[in-house]
Every structure is written in C-alpha cells, then in structure tokens.
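# Coordinates in review
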Amino acid sequence: MSIVLQTVEKGSLTGAAKALNMPLPTLSRKLSDLESYLGTKLLQRSTRKLTLTDAGQSYVASIKRIMEDIEEVERAASSEYTTPRGELVLTAPLLFGQMYILPIVTDFLAAYPEINVRLLLSDRNLHLYDDHVDMAVRLGELPDSSMIATRVGTMDTVVCASPDLLAAHGVPKHPKDLQRLPCVIFTGPSSAIWSFRNPANKREFGIDIVPRLSVTAAESAVQAAVRRTGLTRVYRYHCADELRSGKLVQVLQEFDVDPIPVHLVHAARGQLPLKMRVFLDFAASQLRSALSQLR
C-alpha cells in the first residue's frame, strides 16, 4: 500500500523507488504482484506518465484511510498519546513563519526535549495529507473541509508609503486618488484591483491599480515603498517594523476592509497525538498574544 501511495504521489516508479530507497525492479515487481493478487490493474503505465485506473482511484482513496489508521496504531504503541514525543511537521507562510512561528518552535523545543520539528516555510499552501503535514498556519478565510481549525487572531492589510513620497505627491484622501499615484503591487494579498470598504454604507468596492512596479514578494514591495517608488498594500506584519520606525506611514485607514482570520489547522482524526495537542496549546496562546500586539 505504501508503494502504491508513493508511486501516485511522485508520479513515477523511479520517483517512488528513490523515496522508498528501493531498487526500481523490486518496486515494479511488487506493484505487479499486488495487481495480480487483486485481479485488476491499478496503474496505467506509459513512457510519459502514470495514471490511475478507475479501480486504482478507489483503491488509493481507501488505502489512504487505512494507512492513517495504521499510523495512529503505531503512535499509540509508541506511547505518543501519553508522552509528547516524535516528529512534528509544521508549515506556515514564509515571512510569517520566520517572524512568528520559528520563535515559538524554538521555545517549544526547549520545553519538550523528546519532540523534533520539521518546519516547512512556503507561500504555497501545502496539502496536509499529500505533503504529510501535521499542522498548518493559514491566513485568510478557510474553504469548507474536514480540517479542524483553531482561530488565533486576525491580520489586516495596510496601504502605506514613505513620508517623502507623500510629501511629493500628496496624501490620498480617497482610494480613487491611488489611480493618479505611483503604486507597487505584489502577487499576494495585493493585485491589480485593491478592495476597499465605504465607511458610510459598509459596501466594498474595487480600485484598478496600474503599478509602477510589480514584484513577487511582499518584502520587496515594502522595500520599494521605503525607497519612495510608490504606495503599496501588504499585510500589517510585512511592514510592522517600517511603520514603527516611521519609514512608512499608513494611509486610507477608514477605507480598510475587514481583517482576515489566522488559523492553526490540522486534519480531523479521533484522538490527537499528544505532541500535536501540546503544540496547539503552546502555539495558540503565543500567536494570539503576538497578533494582538500588531493592532
């Protein structure tokens, strides 16, 4: 079953063999033996790719649940439910993870010497099941799913600029003023359309932004704003230090949309391993405190 799951996940027999540290002929033979035993084809092999047959799709969906049950049995046998120990795999957005999750993790490791942590920092939302992740930090509204979410705070977006740029071009009084001002956007919470909310009727509206500069990282947008390239819109944590130091100034606060929620998310399961329960309690309280200080 592990071989089938690895083959599907890696997309090739070669990738699965490397992941399992198994000779390719051995892996191929074991798959063939399994298909012979089941009396059906699970995988269609071609020179370019592997695809699951209909029977293979049903089989993979079922064995995922079986393998999760086996993992829980093994955790229970190793006292993982009574003693906090083992490896904990966490994921968080890159900069948010560096600023907030890494300090929490280092404090957590000092408090729980029998737990090891793998922290995966990525601005791509990793899949908890497919990427074998125990717990994730998610920014924004969550889609309906079977995941269990613990809300730890909120995060607002900020339109900001350097004082020198505002002195040269004027402070915007209404979001429409942004259409005549230089702006910097990045492919994150910002886009070519920035959303605002009318303070009178609470209705949201969008402003088309023609950027002087487009970047692919929030840190770059913040630094460009500090260097007077234009106004930018980022999450508050991206520019918290620059706002505190006065290098950037927030504008258009009265038109801000509602802050987005921040959650710790984990897969639905019967009894959580103790390593996850203690981390959830540990991290949730610290994150709530840290996020409340940003307001």
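Summary of the structure given here. (Residues numbered from 1 in each chain as written. Predicted model: local features only at pLDDT ≥ 70, side-chain atom pairs only at ≥ 80, totals over all residues. Heavy atoms only, no water.)

## Details of the packing of aromatic side chains
Following the criterion strictly, the structure yields 8 aromatic pairs and no others. Taking 5.0 Å as the distance between ring centres and 40° as the angle between the ring planes, the aromatic pair formed by F96 and Y100 counts as tilted. Here F96 and its partner Y100 are both found in helix 5 (residues 94-111), 4 residues apart, which amounts to about one turn of the helix. Taking relative accessible area as the criterion, Y100 reaches 12% and is therefore assigned buried. Seen from their ring centres, F108 and F282 are 5.4 Å apart, and the 70° between their planes marks the pair as edge-to-face. With F108 in helix 5 and F282 in helix 9 (residues 274-292), this residue pair connects regions lying 174 residues apart in the sequence. Both residues of the pair, F108 and F282, belong to the buried class. (Phe/Tyr/Trp six-rings, centres within 6.5 Å; stacked < 30°, edge-to-face > 60°. Helix = DSSP H or I, 4+ residues; strand = E, 2+ residues; numbered from the N terminus. Buried < 20%, exposed > 50% of the residue type's maximum accessible area, 1.4 Å probe, protein only.)

## As for the sheet that holds strand 13 (residues 249-251)
Spatially, the 5 strands line up as an open sheet ordered 11-8-12-7-13, and their pairing is mixed. The sheet is open, and its two edges are formed by strand 11 (213-215) and strand 13, each paired on a single side. Averaged over all pairs of adjacent strands, the angle between their axes in this sheet comes to 35°, without regard to strand direction. The pairing of strand 8 (residues 183-186) with strand 12 (residues 231-235) spans 2 bridges and is classified as parallel. (Pairing = 2+ DSSP bridges. Axes fitted to C-alpha atoms, helices over the stretch in contact; angles between N-to-C directions.)

## Some details on the side chain of T53
Structurally, T53 is set in the loop between strand 2 (50-52) and helix 4 (54-77). Given a relative accessible area of 13%, T53 falls into the buried group. Once residues lying within four places of it in the same chain are set aside, the contact partners of T53 are K41, L42, L43 and Q44. (Contact = heavy atoms within 4.5 Å.)

## Side note on the nonpolar core
Counting residues in hydrophobic clusters, the biggest one holds 33 residues, and the most contacted among them are F96, M155, Y237, L264, F279 and L287. Counting only elements with at least two residues in this core, the list comes to strand 3 (86-92), helix 5, strand 5 (135-139), strand 6 (148-155), helix 8 (236-245), strand 14 (260-266) and helix 9. Broken down by element, this core gets its largest block of residues, 10 residues, from helix 9. Excluding its chain neighbours within four sequence positions, the residues that come into contact with M155 are F96, Y235, R236, Y237, P259, I260, V262, L291 and L294. (Core = buried A, V, L, I, M, F, W, Y, C linked by side-chain atoms within 4.5 Å.)

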